[in-house]
Each structure stands twice: as structure tokens, then as C-alpha cells.
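Chains, contacts and geometry: an overview
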Amino acid sequence: MKRTRHFYLSTAAAIGIAALVTMPFGARAQTAVAIDNDDIGGVVSGPHGAEAGVWVIAETRDLPTRFTRSVVTDDQGRYVLPDLPKARYQVWVRGYGLIDSARVDAEPGQHLNLTAVPAPNDAAAAQYYPAIYWYAMLKIPGADQFGGKTDIPSDVTQPLWLATIKNNQCIGCHQIGGLATRTIPKAFGEFKSSEEAWMRRTQSGQAGEMMTNVLAGQLGGAPYKYFGDWTDRIAKGELPHAKPPRPSGVERNIVVTTWDWSDDKHYLHDLISTDRRDPTVNAYGTIYGSPEYSTDNLPVLDPKTNTTVNYKAPVRDPDMPMSVGPGHAAAAKPIMPSAYWGNEQLWDTKVNNHNSVFDRKGRLWLAAAVRGFENPAFCRRGSDHPSAKLRPLARSGRQLAMLDPKTGKYTFIDTCFGTQHLNFAYDANDTLWTSGGAGDNPVGWLNTKMFEETGDAAKSQGWTSLIVDTNGNGTRDDYTEPGQPLDPNKDMRVGQTIYAVMPDPKDGSIWGSLWGTPGGIVRINPGSNPPATTLTEIYKVPMPGFGVRGADIDSKGVVWVSLGSGHLGSFDRSKCKVLNGPTATGDHCPEGWAFYQYPGPGFEGIGPNSAESSYYSWVDQHNTFGLGEDVPISTGNLNDGLVALKDGKMVTIKVPYPTGFYAKGLDGRIDDPNAGWKGRGLWVSSGDRAPWMQEGGKGMKPMAVHFQMRPDPLAH
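All values derive from a computational prediction rather than experimental measurement.

Observations concerning the overall build of the protein chain
Within the protein chain, the secondary structure is distributed over 10 helices and 42 strands. Against the compact-globule benchmark of 27 Å for 716 residues, the protein chain has a radius of gyration of 25 Å, which places it among compact chains. Projected onto its principal axes, the C-alpha coordinates of the protein chain cover approximately 80 × 60 × 55 Å. Sorting the 716 residues of the protein chain into buried and exposed places 61% on the buried side. Considering only residue pairs separated by 6 or more positions, the protein chain has 64% of its internal contacts joining residues 24 or more positions apart. Side chains of the protein chain give 70 positive and 75 negative charges; the mean places of these two sets differ by 3 Å.

Some points on the nonpolar core
In this structure, Y135, L138, W161 and W230 are the most contacted members of the largest nonpolar core, which totals 62 residues. With sequence-adjacent residues up to four places away left out, W161 is seen in contact with I140, P141, F146, I152, V156, L219, A222, P223 and Y226. A58, V91, A116 and W677 belong to the second-largest nonpolar core, a separate cluster that totals 32 residues.

Here we look at the layout of surface pockets
If you add up the space inside the largest pocket, you get close to 770 Å³. Per-class residue counts for the lining of the largest pocket are 13 nonpolar, 17 polar and six charged. Considered as a void within the structure, the second largest pocket measures approximately 490 Å³ in volume. N429, T431, W445, N447 and P530 are the residues nearest the centre of the second largest pocket, which is lined by 28 residues in total.

Section: the sheet that holds strand β16 (residues 307-312)
With respect to topology, four strands assemble into an open sheet ordered β13-β14-β15-β16, the strand pairing being antiparallel. The sheet is open, and its two borders are formed by β13 (270-272) and β16, each paired with just one other strand. For this sheet, the mean angle separating the axes of adjacent strands, direction not counted, is 25°. As judged from the two bridges shared by strand β14 (residues 287-290) and strand β15 (residues 297-302), these two strands associate in the antiparallel manner. Looking across to β15, one finds that I287 is bridged to L301.

Here we look at the packing of aromatic side chains
Evaluated as defined, the whole model comprises 34 aromatic pairs. On the basis of an interplanar angle of 70° and a centroid distance of 5.3 Å, the ring pair of Y267 and W347 is categorised as edge-to-face. A residue pair is termed long-range when its members are at least 10 positions apart, and Y267 in the loop between β12 (254-260) and β13 and W347 in the loop between β16 and β17 (356-358) qualify at 80 residues. Relative to W515, the ring of Y499 lies with its centre 5.0 Å away and its plane at 50°, an arrangement referred to as tilted. One end of the pair, Y499, is in the loop between β27 (491-494) and β28 (501-503); the other, W515, is in the loop between β29 (510-514) and β30 (520-525), and 16 residues separate them in sequence. Owing to a relative accessible area of 0%, Y499 belongs among the buried residues under this scheme. Residue W515 is classed as partly exposed on the basis of its relative accessible area, which comes to 23%. The rings of Y135, W198, F227, W230 and F603 are connected pair by pair, giving a single aromatic cluster.

Considering the pattern of salt bridges
Tallied over the full model, the rule gives 39 salt bridges. For R78, the salt bridge is made with D74, and the minimal N-O distance between the two is 2.8 Å. Note on D74: relative accessible area 6%, which makes it buried.

Here is what the cut-offs are and how they apply
- Residues numbered from 1 in each chain as written.
- Predicted model: local features only at pLDDT ≥ 70, side-chain atom pairs only at ≥ 80, totals over all residues.
- Heavy atoms only, no water.
- Helix = DSSP H or I, 4+ residues; strand = E, 2+ residues; numbered from the N terminus.
- Rg over C-alpha atoms; globule rule 2.2 N^0.38 Å.
- Buried < 20%, exposed > 50% of the residue type's maximum accessible area, 1.4 Å probe, protein only.
- Contact = heavy atoms within 4.5 Å.
- Lys, Arg positive; Asp, Glu negative; His and termini not counted.
- Charge placed at Lys NZ, Arg CZ, Asp CG, Glu CD.
- Core = buried A, V, L, I, M, F, W, Y, C linked by side-chain atoms within 4.5 Å.
- 1 Å grid on protein atoms, 1.4 Å probe; cavity = no way out; pocket = protein on both sides within 12 Å on 5 of 7 lines; lining within 4 Å.
- Points joined across faces, edges and corners; volume = space filled by probe spheres on them.
- Nonpolar A, V, L, I, M, F, W, Y, C, P; charged D, E, K, R; others polar.
- Pairing = 2+ DSSP bridges.
- Axes fitted to C-alpha atoms, helices over the stretch in contact; angles between N-to-C directions.
- Phe/Tyr/Trp six-rings, centres within 6.5 Å; stacked < 30°, edge-to-face > 60°.
- Salt bridge = Lys/Arg side-chain N within 4 Å of Asp/Glu carboxyl O.

In C-alpha cells:
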């Protein structure tokens with residue numbers, strides 16, 4: 001068996017050696033922990049007795065891909081690692097206030113009592129804290145530093161600054177606060193100051209241009225000194241100003257399983273396991289990843305056999321340029337060498353698959369490029385296409401495709417509108433709605449029933465601008481353009497596209513999030529003859545919320561939004577007094593909003609806040625996880641896991657190993673509705689653009705992660 005692989009927490013693990021007692025499977029009657037022959041169970045003790053709320057982690061490399069399973073001990077220190085595939089495992093204890101115990105060899109069917117190792121000091125303990133505890137040490141400019149009074153550009157506000165260094169930019173791509181980001185790589189060389197080191201760091205790799213444009217351009221270069229000060233203080237020994245609590249309550253019932261997939265040079269944006277309208281679709285089936293800018297190879301996981309393969313997605317036009325470079329959020333070549341990969345070009349995709357969804361037949365629909373930027377004639381000015389008459393489109397960067405896993409057939413669907421996220425409506429046509437991502441782009445849809453019947457992509461698609469009924473007559477009329485004053489005789493066009501897209505299961509409307517600061521959400525009513533009849537309502541986020549990114553809707557029509565302010569926001573349209581007319585321009589329904597602060601420490605000196613920088617929120621409409629129906633769940637991008645809101649309280653769904661987990665979306669599937677907790681769970685991909693910055697460093701791969709909620713910590 002391969003021995004322990006070195007990673008950046010291993011020096012702490014060497015400080016203590018765990019004591020253990022093992023018993024064969026036949027001796028299980030002698031212990032209080034009952035197990036089956038596919039479980040490992042026992043008790044974790046420390047110097048002062050039972051260690052409650054710590055993780056027991058099992059890892060193996062005997063299976064076709066690296067596999068881990070983690071559980072939490074109960075209040076008596078007991079644990080059960082359930083339903084392990086037959087393999088040889090290394091098992092150890094990790095927890096807040098501890099350092100890792102030594103890894104112990106074990107196999108399923110074995111009782112294994114472990115001894116936790118207390119951290120010798122706060123510095124050693126802090127190495128296991130989630131990234132948020134370190135990132136919250138970053139100093140934020142005070143309110144008196146904005147408004148053109150300092151080197152911060154005059155048009156930058158404190159909320160914009162915060163949203164930018166959190167979910168709307170910096171932590172929209174990767175976690176900050178882990179060991180790899182709170183230290184400066186020696187490979188960059190020597191610098192006069194850490195401020196200069198951060199300038200160099202953020203020019204690295206194929207994302208360097210985008211990072212530099214944000215920090216040096218949008219924020220005028222001012223953030224570099226704050227990041228330099230942050231890493232300087234950490235290098236001198238300063239520690240987080242808060243300590244994380246151990247898991248409690250239902251958090252101790254969570255089982256976390258991970259599989260490596262893809263490879264060590266390419267990241268994943270997301271994964272999909274089922275049809276969100278019917279989460280029993282594709283039960284026990286394969287999971288598909290979306291690699292976005294990194295590669296054309298879509299990773300596929302079979303969780304039954306613990307095997308992974310890559311499906312190379314094709315393009316209609318083999319001669320099309322790569323989907324990196326001008327017009328994309330990734331450069332074709334590194335701007336400056338990476339500390340990990342030098343000048344090597346890692347991202348080389350054409351397909352650029354951002355997200356995928358399953359339909360009711362178990363087929364995969366992809367937001368994927370099939371050709372270059374230039375649109376066909378039916379999209380352009382002069383076309384008689386109903387949507388082109390209202391909004392002609394010359395270019396689109398990403399279209400649609402469909403993969404039938406049963407036959408292997410891959411179908412190209414040429415769309416005039418750009419695609420990013422996508423979701424099926426609850427209508428007879430199985431209409432597939434898509435978001436445009438960012439900028440002044442339209443919202444598009446595909447009548448998939450018509451497309452399957454005719455094969456005519458042009459006839460089956462449509463798109464619309466966001467037109468608000470500000471004249472209040474209930475119909476779509478001529479409109480004012482963005483930036484123009486309102487006209488009492490016209491409607492108003494919103495000069496933005498939607499980022500998230502979410503069909504309302506109640507009334508057939510389509511909701512979307514407006515990425516930005518403060519940002520907002522929109523409700524799109526297609527009407528009887530879209531796009532000619534399509535109208536939009538807009539609702540901006542009021543303070544204390546700001547920084548909208550991803551969002552989802554529950555079965556009652558309430559929208560849930562990830563906010564850069566450190567909140568999960570909710571919007572209930574039924575509370576609004578005004579829905580259209582001259583005052584319905586975005587700020588007219590603050591009464592519809594409510595805010596719930598995410599867990600974890602906040603930045604000091606700016607009032608109550610959480611430094612959490614959630615990328616996306618998803619609503620568990622069908623109780624696929626076990627916390628109940630309509631529970632909103634956010635990506636906890638600095639909490640090393642997910643965050644759910646249950647009965648007004650936040651539940652942290654943490655990945656304890658490896659540290660550095662980062663998700664951009666999630667999915668829930670019911671494999672067997674009659675199998676209790678074993679037949680359901682959440683599926684997530686670890687989607688950080690730099691998987692080598694997680695625990696383990698260079699060589700680590702993205703992960704597919706399955707979360708399950710047991711009725712108690714010992715269920716098996």
C-alpha cells in the first residue's frame with residue numbers, strides 16, 4: 001500500500017502519534033459502536049476524554065481514483081465511517097484545536113479507536129481553520145477613504161470595493177485565505193515590498209490579465225498595499241482574530257465523500273447529476289463535469305464503480321479559434337509565469353462548457369461553444385426572425401449542445417444569443433432558458449420540443465432584452481435606452497443581462513440575477529407571444545445587502561441570492577406594493593427583501609459582517625439532502641464547504657479534507673426515494689480555477705463531492 005503522501009499540513013501531523021486499539025469485525029459486540037462489514041467505527045479520545053465534533057477521515061488510493069470519506073464524532077466521541085468500498089484505507093483524526101493524528105491502516109469491518117492530538121499552540125491549530133478566518137484579517141479601507149479622498153478611484157464605493165475583492169471578482173474564481181494565498185510563493189523571486197509581490201502575483205498565468213484589469217484598473221491599484229499588509233502580518237505570526245466552532249447539531253450527521261477526477265492542470269466550473277425538476281432522473285447514474293475555459297475534456301464519474309473517464313466534446317467547426325483570448329475571461333497565454341507551471345499554457349478549450357443540465361430523458365444539455373463568434377444571417381439585422389427584428393445579434397461566444405449518453409450522439413445547436421447558465425422551464429415545450437452572463441446581452445431560450453421535432457435551431461429559439469413596463473399599461477411598447485431619462489409614454493430597457501436563470505415552478509415566469517453592486521434580480525414574463533409580449537420587472541438589492549452573484553428560486557416563488565455583503569438574501573414578490581409603472585425602476589420594493597448573515601468572522605472596523613464570499617445559491621426544492629424541502633443552500637467559498645439556511649439558522653456543510661474546497665454550484669439527486677438517507681444527497685464539484693492551491697499542492701486534482709445527511713452520527 002502506498003504510504004502517506006506529503007502535503008502542507010504534514011509537519012503538524014508529525015508532532016503527535018495517535019494511540020489506537022483495533023479489533024476484528026467479529027469482536028464488535030465488545031464495543032458500544034455497532035458496525036457492518038463495510039464500515040469502520042470506533043471512539044476518538046483525547047487527553048480529557050471523548051473528542052466530540054471532530055472529523056474522522058478515511059482515504060484510499062486502491063480504487064480507480066483517489067477516494068475519501070469523512071464523518072463527525074458524536075458527543076461521546078463515537079464515529080462510524082459507513083458503506084466503504086472494499087479497499088485498504090488510512091484513517092486519521094482532524095479537528096479544531098487539534099493537529100492531525102498519525103494515519104492508521106484499516107479495512108472495512110474493523111473497529112478502530114483513535115486518539116486525537118491537541119495542537120501545541122494556537123499557530124498550529126490555526127493551520128486547519130477555514131480560509132475565512134484568515135481572509136477576515138485583511139484590512140478594509142474605512143468609509144472616509146472613499147469618494148476621491150485617497151488613491152482609491154472616486155467612483156469606487158466601499159460596497160463596490162468589498163464585492164470586488166469578494167464574490168464578484170477575486171473570490172469569484174478561487175478561494176483566498178488558504179495557505180497558498182496567504183503566503184507569497186518563493187518562485188516569484190525577491191521584492192522590495194509585499195505590495196510589489198502582490199502586483200507580480202496577480203499577473204501570473206492565463207488569468208493574470210483579468211486580475212490586473214480589476215485590481216490595477218477598476219480599483220486603481222489601491223488593493224495591492226492592503227493585500228501586502230495582510231501577508232506581511234501573517235508572515236510575522238499574526239493569527240486570526242476568531243476561532244471556528246466544532247460541528248454541532250445536524251452538522252455531526254453529515255457524511256462527505258470525494259473522488260478525484262479530471263487532471264491536475266485543469267479546473268472544473270460545475271457538475272450535474274439529474275434533472276432539477278425531477279431529481280430521480282439518472283438515479284445512481286454517471287456525473288458530468290463542466291470544465292469551462294480549461295479543457296474540452298468533460299470528466300465523467302461513475303460513483304458505483306469509483307471510476308472516471310473523460311469525454312472529449314466536439315465542435316461543429318474544427319477550425320474555430322480557441323475560446324480563450326480577446327472576448328473571453330481567460331488569456332491565450334500566461335501574462336507572467338505561474339509559480340506552479342511557469343509559462344506553460346494550461347487552458348486550451350474550444351468548447352468552453354460552462355454549465356450543463358439533464359432533461360427528463362436523461363440527456364445532457366450544455367452551454368457550450370460550437371463555432372466561432374460570428375453569428376449566422378438569421379440572427380442579424382435585416383433578418384425576419386421575430387427576435388432579430390427586435391434585437392439583432394452579430395456575435396455570440398457560447399451556444400448550446402446536447403449529448404445523449406445512451407447513444408453517444410452529440411448535437412450542435414447554433415444560437416444567436418450567448419449562453420452561460422441554463423435551466424428547463426416547467427412547461428409543455430420543455431423550454432430551455434439561458435443566461436447571458438454579463439454585459440448588455442439578451443436572455444435566450446430554446447423550445448426543445450420543437451427542436452427535436454424539426455431539427456430547426458433558428459425556428460426553435462428566441463431571445464429578448466429586459467424591458468420594464470414603466471408606462472404601466474401592461475403591454476410592451478417602445479422603450480428608452482439605458483442612461484436616458486424616463487418617458488411617461490415609453491417603457492424602459494435594462495442595459496444588462498441575467499447571470500443566474502431560474503424558472504418559477506408556480507407561474508411560468510423566469511427569474512434572473514443581475515450580477516453587480518448593488519445588483520438585483522428580475523422577473524421575466526414571456527407573455528403569449530415572446531419576445532413581442534415579454535416584459536420584465538426589476539428589483540435592486542437594498543442595504544445592508546449588495547454584490548449579487550448566483551441565485552435560485554424555491555417552490556413558492558421566493559428567490560434566494562448570494563451577496564457580497566456576506567448575506568444570503570431572499571426576495572418575496574408577494575410583499576410588493578408596486579409591480580410596474582413609473583416608480584417601478586428597481587428601488588420600489590425594499591419590503592420584499594430579507595437578509596441572513598453567513599457564518600464565519602467578518603472584516604474588522606466595518607460593523608457586523610461575514611467575510612464569506614458566496615458564489616452561488618441553490619434551493620433544495622425536493623429535499624434531496626435531508627434538511628427539508630425548499631431549503632436554500634449557498635456555496636460557502638471561504639468556509640470550505642456549503643452553507644444551508646434551516647429554520648432561520650445557518651448549517652455549515654464542510655469538507656474537512658483536503659482544505660481549500662471551493663464550489664461554484666451544486667445539484668441534488670434522489671437515487672432511491674425508499675432508501676432513506678442512503679438514497680439521496682447533494683453533488684458538488686470542487687471548482688477552483690487553481691486546484692493546485694488546495695491542501696496537497698501541485699499535483700492535486702479537482703474533486704466530485706457527495707454530501708449525505710444521516711439521521712444521527714452513527715447511522716450505517
